[in-house]
Amino acid sequence: MSEPDVRARRRRRFAAAVAGIASAVLGAGIGELVAAFIAPGASPFAVIGSALIDFAPPWAKETAISLFGTNDKTALLVGIGIVLVAIAAVAGILQLSLPPLGLVVMVLFGAAGVTAAMTRANAGPLDWLPSAVAGALAAVALGMLIARVPGRAHVPSAAYGERLSRPQGTSDADAGGAVQRRTFLAWAAGTAAVGVLAAVGSSLARAGARAGTAIREAVKLPVPASTAAPVPAGAELAIAGLAPVITPNEQFYRIDTALLVPQINPADWSLRIHGLVQNEVTLTWDELLALPLEESVTTLTCVSNEVGGELIGNALWLGYPIRNLLAQAVPNAEADMVLSRSIDGFTASSPIEALTDARNAILAVGMNGQPLPAEHGFPVRMVVPGLYGYVSATKWVTELEVTRFSDATSYWTDRGWSPRGPIKLESRIDVPRKSQGLKAGQSVIAGVAWQQGVGVSGVEVQVDDGAWQPATLATPISDDTWVQWMIPWEATVGDHLLRCRATSATGELQTEDVTGVIPDGATGWHERYITVFE
Ligand SMILES: Nc1nc2c(c(=O)[nH]1)N[C@H]1C(S)=C(S)[C@@H](COP(=O)(O)O)O[C@H]1N2
Ligand SMILES: [Mo]
């Protein structure tokens with residue numbers, strides 16, 4: 001091939017890649033728009049993302065959480081976007097050189113979306129539509145754009161025929177090529193622009209639908225039948241940088257597998273208790289609110305919380321004891337587990353004794369004086385003191401199946417996490433913050449410590465391998481909550497290593513052994529390096 005031929009070929013391939021990307025943008029955008037209006041749960045992006053989340057190996061989820069923390073979902077969506085663009089470019093080139101392979105790629109993508117949508121837990125009858133439309137439109141657009149790639153054999157353009165009849169390299173042919181290029185670019189840009197507009201339209205439509213949070217805002221929670229004791233005055237040390245003893249809802253960590261937050265109208269909500277029980281129980285929203293609801297303060301923790309991590313929060317919950325509901329259902333003697341199920345298919349397996357013993361396992365409807373925020377489970381979730389969230393804290397909960405550990409497993413236990421998930425004794429240094437740039441002089445080291453259900457009796461702090469010093473504990477709210485601690489520190493110029501360790505109310509010393517979060521939660525002493533300046 002001559003030099004200009006190679007260049008022309010490269011240019012055609014580039015155009016084909018652009019055609020692929022523009023077609024995919026069109027398909028994806030219109031697919032999102034169709035979803036927003038017809039099948040809100042079946043956004044092609046979200047269903048493919050959810051399928052990836054469900055099929056991802058545990059280490060991938062771990063890496064995502066530790067790299068991106070609670071932004072893991074954004075990272076996933078951006079990642080899917082990048083992969084999609086790359087595949088679309090390849091599809092364009094395939095369609096140019098090996099038609100109809102490019103179309104096949106687009107159709108397969110649509111089919112993957114359809115499959116992902118229809119195999120979701122709460123799939124609606126029209127959930128196949130957005131991905132089907134996306135795949136079909138992308139294929140049609142690709143066929144149309146590839147036919148317009150400049151210099152291609154069947155370009156439906158007068159300029160091309162004209163160019164064939166002229167010697168290569170003349171200025172007229174160049175002019176014809178330029179016209180073709182402009183025509184192609186206009187079509188490609190137009191195609192992509194329609195896709196982008198559709199995507200913008202879909203997010204506007206969703207924002208409008210989120211005005212469906214009007215439903216949540218209209219919810220009036222009943223006056224509690226029993227209120228929590230006021231937070232003791234000494235519970236909040238109020239040190240800058242120290243986590244507040246009650247975590248505001250906006251700051252509360254969020255971990256779940258839901259790319260689209262389930263939108264549930266409480267009027268349509270009900271909870272079904274079934275399985276190994278003598279009486280099946282069904283509870284509607286109105287029935288739940290009519291029960292004597294109780295306030296309680298409980299710290300919630302994620303099993304993926306690294307030592308020193310932020311996947312922990314403490315809130316004032318309003319709810320009804322699950323043990324009372326189970327008592328109505330009367331579990332059979334052989335039952336040893338309750339499998340709670342969310343409307344989105346997530347499941348958690350809790351030991352039945354954790355829901356029936358004296359601890360305060362509740363069906364929660366309120367969080368810090370408000371209806372549950374949508375991301376934290378509106379309208380109803382579980383909160384169980386002392387168990388990691390993955391085996392207890394089901395959000396958007398609609399079902400409690402009384403069963404046996406030997407007969408059923410749950411979302412995360414299916415993925416290699418431990419069937420039992422008691423929260424481990426831990427402590428964390430909050431201040432000095434790492435990036436704080438501490439000045440030498442009188443300072444403080446402060447943090448939080450927790451051992452739900454048992455309580456913390458002390459925290460010790462060590463600076464640079466010196467002696468362990470007892471910190472001052474704040475007044476705990478209860479054994480089910482974390483407790484703040486602090487110790488004054490005369491900070492000297494230079495680099496320092498700070499460590500902390502807690503002792504539980506039963507005398508257990510927090511273990512020094514470092515273990516990762518898999519399969520049942522991290523252990524080890526939290527360490528922080530800090531540089532003190534003059
Ligand atoms: N429906 C549903 N509920 C869920 C999860 C989920 O993925 N889906 N994740 C659980 C996990 S792993 C944790 S740690 C807690 C987190 O609750 P939060 O997001 O309100 O902090 O929710 C639990 N409940
Ligand atoms: Mo979790």
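Residues numbered from 1 in each chain as written. Chains lettered and ligands numbered in written order. Predicted model: local features only at pLDDT ≥ 70, side-chain atom pairs only at ≥ 80, totals over all residues. Heavy atoms only, no water.

## Points about the overall build of the chain
Inference 1: Check the secondary structure of the chain and you find twelve helices and 19 strands.
Inference 2: Seen through its C-alpha atoms, the chain measures out along the principal axes to roughly 95 × 70 × 40 Å.
Inference 3: The buried share among the 534 residues of the chain stands at 48%.
Inference 4: Here the chain displays about 23,600 Å² of accessible surface, and carbon together with sulfur accounts for 61% of that area.
Inference 5: When the 37 positive and 47 negative side-chain charges of the chain are each reduced to one mean point, those points stand 14 Å apart. (Helix = DSSP H or I, 4+ residues; strand = E, 2+ residues; numbered from the N terminus. Buried < 20%, exposed > 50% of the residue type's maximum accessible area, 1.4 Å probe, protein only. Areas by Shrake-Rupley, 256 points an atom, 1.4 Å probe, with all protein chains shown as cover. Lys, Arg positive; Asp, Glu negative; His and termini not counted. Charge placed at Lys NZ, Arg CZ, Asp CG, Glu CD.)

## Description of the site of ligand 1
Inference 1: Neighbouring residues of ligand 1: 19 residues in total, closest Tyr253, Thr257, His376, Arg381 and Lys395.
Inference 2: A distance of 3.0 Å separates an oxygen atom of ligand 1 from a polar atom in the backbone of Ile255.
Inference 3: In isolation ligand 1 has 540 Å² of accessible area, and contact with the protein removes 99% of it.
Inference 4: Class assignment of the residues belonging to the shell around ligand 1 gives a composition of nine nonpolar, five polar and five charged. (Near = heavy atom within 4 Å. Polar contact = N/O pair within 3.5 Å; in protein donor to acceptor, adjacent residues only side chain to side chain. Nonpolar A, V, L, I, M, F, W, Y, C, P; charged D, E, K, R; others polar.)

## Re the packing of helix 1 (residues 3-38) against helix 4 (residues 72-97)
Inference 1: Between helix 1 and helix 4, whose axes approach to 7 Å, the crossing angle comes to 125°. Put simply, helix 1 runs oblique to helix 4. You can see that helix 1 and helix 4 cross each other, and the crossing is right-handed. For the pair helix 1 and helix 4, the contacting residues are Arg12, Arg13, Ala16, Ala17, Gly20, Ile21 and Ala24 in the first and Val85, Ala88, Ala89, Gly92, Ile93 and Leu96 in the second. (Axes fitted to C-alpha atoms, helices over the stretch in contact; angles between N-to-C directions. Parallel < 35°, antiparallel > 145°, perpendicular 65-115°, else oblique. Left-handed = near helix turned anticlockwise from the far one by under 90°. Contact = heavy atoms within 4.5 Å.)

## Some words on the pattern of salt bridges
Inference 1: Under the criterion given, the structure shown has 14 salt bridges.
Inference 2: Across the pair Arg341 and Glu399 runs a salt bridge whose closest N-O atoms are separated by 2.8 Å. A residue pair is termed long-range when its members are at least 10 positions apart, and Arg341 in strand 5 (residues 337-342) and Glu399 in strand 10 (residues 397-403) qualify at 58 residues.
Inference 3: The salt bridge partner of Arg420 is Glu353, with a shortest N-O separation of 3.5 Å. (Salt bridge = Lys/Arg side-chain N within 4 Å of Asp/Glu carboxyl O.)

## Let's talk about the domain arrangement of the chain
Much of the literature gives interface size as the accessible area that the parts lose upon coming together.
Inference 1: On domain assignment, one finds that the chain holds domain 1 (3-213), domain 2 (243-415) and domain 3 (426-532).
Inference 2: Once you take the C-alpha centre of each, domain 1 and domain 2 turn out to be 40 Å apart.
Inference 3: Opposite the 22 residues of domain 1 that make contact, domain 2 presents 18 residues.
Inference 4: Both sides together, the interface formed by domain 1 and domain 2 hides about 1,600 Å², and carbon and sulfur atoms give 64% of it.
Inference 5: In this assembly, domain 1 and domain 2 are joined by zero salt bridges.
Inference 6: At the boundary of domain 1 and domain 2, one finds two residue pairs in polar contact (both at pLDDT 80 or more). (Domains from an automatic or database assignment. Buried area = accessible area lost by both parts, 1.4 Å probe.)

## Describing the pairing of strand 10
Inference 1: Across the seven residues of strand 10, six count as buried, placing the element largely inside the fold.
Inference 2: Looking at chain direction, strand 1 (residues 270-275) and strand 10 are connected through four bridges and run parallel. In the strand pairing of strand 10, Arg272 is matched with Glu399.
Inference 3: Relative to strand 10, strand 5 is paired through six bridges, and the arrangement is antiparallel. Looking at strand 10, one finds that Leu339 is bridged to Glu401. (Pairing = 2+ DSSP bridges.)

## Comments concerning the UniProt feature "domain: Oxidoreductase molybdopterin-binding" (unreviewed entry) in the chain
Inference 1: UniProt tags residues 261-412 as "domain: Oxidoreductase molybdopterin-binding" (unreviewed entry).
Inference 2: With 12% helix and 38% strand, residues 261-412 has end C-alpha atoms that lie 19 Å from one another. (UniProt positions renumbered as here; feature names shortened; annotations may be inferred.)

## Some details on unusual backbone geometry
Outside of glycine, negative phi angles account for most residues, and trans bonds account for most peptide bonds.
Inference 1: In this structure, the amide linkage connecting Val431 to the following residue, Pro432, adopts the cis form with an omega of 0°.
Inference 2: Relative to the elements of secondary structure, Pro432 occurs in the loop between strand 11 (426-431) and strand 12 (438-439).

## A closer look at the sheet that holds strand 14 (residues 456-463)
Inference 1: One open sheet accounts for five strands, arranged 12-19-18-14-15; its pairing is mixed. Unpaired on one side and paired on the other, strand 12 and strand 15 (469-470) mark the two borders of the sheet.

## What to know about the UniProt feature "transmembrane region" (unreviewed entry) in the chain
Inference 1: UniProt's feature table lists "transmembrane region" (unreviewed entry) at residues 75-94, 100-119, 126-147 and 184-205, given in the numbering used throughout.
Inference 2: Taken end to end, residues 100-119 is 90% helix and 0% strand, and its two terminal C-alpha atoms sit 28 Å from one another.
Inference 3: Within residues 126-147, the helical portion is 82% and the strand portion 0%, while the C-alpha atoms at the span's ends are 33 Å from each other.

## Brief notes about a positive patch on the surface
Inference 1: Where like charges cluster on the molecular surface, the positive patch consists of Arg7, Arg10, Arg11, Arg181 and Arg182.
Inference 2: Here the positive patch gets three residues from one element, more than from any other, and that element is helix 1.
Inference 3: When you line up the elements, Arg181 lands in helix 8 (residues 171-210).
Inference 4: With a relative accessible area of 36%, Arg181 lands in the partly exposed category. (Patch = residues over 30% accessible without salt bridge, like charges linked within 9 Å, V, L, I, M, F, W, Y side chains within 5 Å.)

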